[in-house]
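Examining the three-dimensional arrangement
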Amino acid sequence: MKQKYLHLTTFGCQMNVHDSEQMAELLKRSGYEATNDVKKAGLIIINTCCIREKAEQKAYSALGRLKKLKLNKPDIIIGIGGCLAQQLGAKLLKKAPYVDMVFGTHNIHLLPEMIEYIETTGSRILETGFHESVRSLGIPTLSLNSRVSAYVTVMQGCNNFCAYCVVPYVRGREESRELTDIINEVTTLADQGVKEVTLLGQNVNSYGKTISGHPGFSVLLKEVGKIKGIERIRFMTSHPKDLSDDIIRLFPQIDELCECIHLPVQSGSDHVLKRMKRRYTSQDYLDKVAGLREVCPDISITSDIIVGFPGETEDDFKKTIDLMEKVRFDGLFSFKYSEREGTEAVKFDDKVKEDVKKRRLREVQSLQKKHTLEKNKTLEGKTEYILVEGISKKCRDDVMGRTRSNKIVNFMGGVNLIGKTVTARITKTYLHSLRGELVCKEVEKC
Ligand code: SAM
Ligand code: SF4
């Protein structure tokens, strides 16, 4: 039988990356091999994101490029998934007549059936219904980039309805997976050689609320920590209002739990936080950071900040800068506020001008650059545990791995190190990565 090829493009966050991994895994079972060559592919899928306008525009550009391809090769199947597809549904099919299939965030498990239907009937498909439980969640998938590290979704959707955010509308309400299902999935991954898992959810700290027995996120972390072969656990994202002292105290207690946390603050102004409906104050946030650093002094803390939310004054913005100075994040994702249809903030009439948003974003990014460089510099001369993920992209004589604090380290080494935890001395630090030299390749014997 002729080999079938899939070309998959992903926009957006880790949740989307993992959705794409699950699509690739499902389609592999239907005989599709992933390819980076779009011309070779018989099936092309774009996994879209609509969290911010920029991601949405990127998806439209990618879609535009496919129009020509379909004209030249009418028998290719083009599918659009993800949250933009969820939001636009039939409008997308109408806008792009060369698209064969539009499917939403709850319908990934239907992909093989949908493709078979298109192959046999030639009809177009729209599948954006919400299901009570998201059936694609439990497909164990190795990462598309690493054999050592994997994502595992522990919950889906969100009930928080922050005033700017479209997630609850396009991914549905919060739903946790059963504890045993997650444990089975992580065990399967460990059996396949995975050493590190990142537990994913829009708000992992409220894990367990929707299932019987309400096990809680700390129970889940302890159980995953017991799985043989799993050396490292990470999780994201944490909502500051739900990050309990119980979870904070687990950092020094569970050896496998890595010393890093992504804790989006969004703003340093209480006035803005209230309008965003974040349900914590800047002081609450600083108290969580102090709590984390008390139990784990070297913990790496990263965050998200939105500038130019409606009504954000110069004084509000200064409070965000002050908070950044107080916390000194290891890394930051910063965004200009982007108006999203259907969210509460659309109704606010005190919008911030585009040039002001741009200037504030530049200020945040340049301060963060300084902080990241300073933080990374403190690692120079230190010896770190590195889990080696693969050959470095820039130099074939180097391998690439991560510290427990999730910083990328490149150092000289070969394929025999992939999947091993080694120690390396940090010799030079940059903004996005560190340079090291191997100290010990068999940590247990050092
Ligand atoms: N659940 C996570 C939380 O509560 O922090 C965040 C998930 S969201 C997909 C990722 C980030 O996108 C948010 O933390 C926020 O900074 C940013 N974001 C979401 N909606 C946005 C909007 N309308 N404009 C700009 N940034 C936005
Ligand atoms: Fe969006 Fe807020 Fe839910 Fe995060 S917690 S996904 S920002 S609504």
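Let me sum up the structure you'll find in this document.

Rules behind the numbers
- Residues numbered from 1 in each chain as written.
- Chains lettered and ligands numbered in written order.
- Predicted model: local features only at pLDDT ≥ 70, side-chain atom pairs only at ≥ 80, totals over all residues.
- Heavy atoms only, no water.
- Near = heavy atom within 4 Å.
- Polar contact = N/O pair within 3.5 Å; in protein donor to acceptor, adjacent residues only side chain to side chain.
- Helix = DSSP H or I, 4+ residues; strand = E, 2+ residues; numbered from the N terminus.
- Nonpolar A, V, L, I, M, F, W, Y, C, P; charged D, E, K, R; others polar.
- Phe/Tyr/Trp six-rings, centres within 6.5 Å; stacked < 30°, edge-to-face > 60°.
- Buried < 20%, exposed > 50% of the residue type's maximum accessible area, 1.4 Å probe, protein only.
- Lys NZ or Arg CZ within 6 Å of the ring centre and 35° of its normal.
- Pairing = 2+ DSSP bridges.
- Axes fitted to C-alpha atoms, helices over the stretch in contact; angles between N-to-C directions.
- Contact = heavy atoms within 4.5 Å.
- Parallel < 35°, antiparallel > 145°, perpendicular 65-115°, else oblique.
- Expected span 1.5 Å × (residues − 1).
- Salt bridge = Lys/Arg side-chain N within 4 Å of Asp/Glu carboxyl O.
- Right-handed = clockwise from strand over helix to strand, strands pointing away.

**Some remarks on the site of ligand 1**
Within the structure, ligand 1 sits among 15 residues, and R52, Q202, Q266, D304 and S338 are positioned closest to it. In the model, an oxygen atom of ligand 1 is placed 2.7 Å from a nitrogen or oxygen of the Q266 side chain. Elements represented by at least two residues in the shell around ligand 1 include exactly β13 (300-307) and β14 (331-336). Of the residues that constitute the shell around ligand 1, the class distribution is 6 nonpolar, 4 polar and 5 charged.

**Overview of the packing of aromatic side chains**
Per the counting criterion, the structure on display carries 8 aromatic pairs. Plain terms: the ring middles of F161 and Y169 are 5.4 Å apart, the flat faces sit at 75° to each other, and that makes the pair edge-to-face. A residue is classified by how much of its surface remains accessible, and F161, at 22% relative accessible area, is partly exposed. Given the relative accessible area of 37%, Y169 is considered partly exposed. Among the aromatic side chains, those forming a connected cluster through ring pairs are Y164, F309, Y337 and F348. We note K95 situated over the ring of Y60; from NZ or CZ to the ring centre the distance is 4.7 Å.

**Quick notes on the sheet that holds strand β11 (residues 232-236)**
Across the sheet, 3 strands lie side by side as β7-β10-β11; this open sheet has parallel pairing. The sheet is open, and its two edges are formed by β7 (149-153) and β11, each paired on a single side. Going from strand to strand, the sheet's axes swing by 25° on average, the running direction of each strand aside. Relative to β11, strand β10 (residues 196-200) runs parallel, the two sharing 5 bridges. Residue pairing for β11: V197 is matched across the bridge by I233. Of the strands in this sheet, β7 and β10 are in contact with helix α7 (residues 179-191), which crosses β7 at around 165°.

**Points about the site of ligand 2**
In the vicinity of ligand 2, the residues found are C158, N160, F161, C162, Y164, C165, V167, P168, Q202, H239 and R278. When the residues that make up the shell around ligand 2 are grouped by side-chain class, the tally is 7 nonpolar, 3 polar and 1 charged.

**So, the packing of helix α11 (residues 282-295) against helix α12 (residues 314-327)**
Where α11 meets α12, the closest approach of the two axes is 11 Å, and the angle between their N-to-C directions is 10°. Considering their axes alone, α11 and α12 lie roughly parallel with respect to each other. Across from S282, Y285, L286, V289 and R293 in α11, the residues of α12 making contact are L323, K326 and V327. A breakdown of the residues in the contact of α11 with α12 according to their chemical character gives 5 nonpolar, 1 polar and 2 charged.

**With respect to the sheet that holds strand β2 (residues 32-34)**
Strand order in the open sheet formed by 6 strands is β2-β1-β3-β4-β5-β6, and the pairing between neighbours is parallel. What marks the edges here is a single partner per strand, and that holds for β2 and β6 (125-127). On average, each strand axis in the sheet is inclined to that of its neighbour by 20°, with strand direction left out of account. The pairing of strand β1 (residues 4-10) with strand β3 (residues 43-48) spans 5 bridges and is parallel. Bridge pairing links L6 to L43 in β3. Across the sheet, helix α2 (residues 53-72) is in contact with β3 and β4 (77-81); its angle to β3 comes to roughly 165°.

**Things to note about α2**
Compared with the 28 Å implied by 1.5 Å per residue over 20 residues, the 30 Å span of α2 between its first and last C-alpha is a close match. Among the residues of α2, A55, E56, A59, A62, L63, L66, L69 and K70 are the ones counted as buried. Next to the buried residues of α2 lie β3, β4, α3 (82-88) and α4 (90-95).

**Section: the pattern of salt bridges**
Between side chains of opposite charge, pairing is possible as soon as their charged atoms come close. In this structure the tally under the stated criterion is 29 salt bridges. Taking the shortest distance from any N to any O, the salt bridge between E259 and R404 comes out at 2.8 Å. With a gap of 145 residues between them, E259 in the loop between α9 (245-250) and β12 (260-262) and R404 in the loop between β16 (398-402) and β17 (408-412) connect regions that are remote in the sequence. One salt bridge in this structure joins E374 and K370, with 3.7 Å as the shortest N-O distance.

**Some remarks on the pairing of β16**
In terms of residue burial, β16 counts as a mostly covered element, since 4 of its 5 residues are buried. In the sheet, strand β15 (residues 383-391) pairs with β16 via 4 bridges, with the strands oriented antiparallel. Within β16, the position partnered with V388 by the bridge is G401. Turn length for the β15-β16 hairpin, with the two strands adjacent in sequence and antiparallel, is 6 residues. With 5 bridges connecting them, β16 and β17 associate as antiparallel partners. Bridge assignment links G401 to a residue of β17, and that residue is V409.

**Comments concerning the pairing of β4**
With respect to burial, β4 is a largely interior element, 5 of its 5 residues being buried. Here β4 shows a buried face lined by I77, G79 and G81 and a second buried face lined by I78 and I80. Bridge analysis of β3 against β4 gives 5 bridges, and the strand direction is parallel. Counterpart to N47 in the pairing with β4 is G81. Each parallel crossover has a hand, and the one from β3 via α2 to β4 is right-handed. Two strands pair when backbone bridges link them, and β4 and strand β5 (residues 101-103) are joined in this way by 2 bridges, in the parallel orientation. Its bridge partner being in β5, G79 is matched across the sheet by M101.

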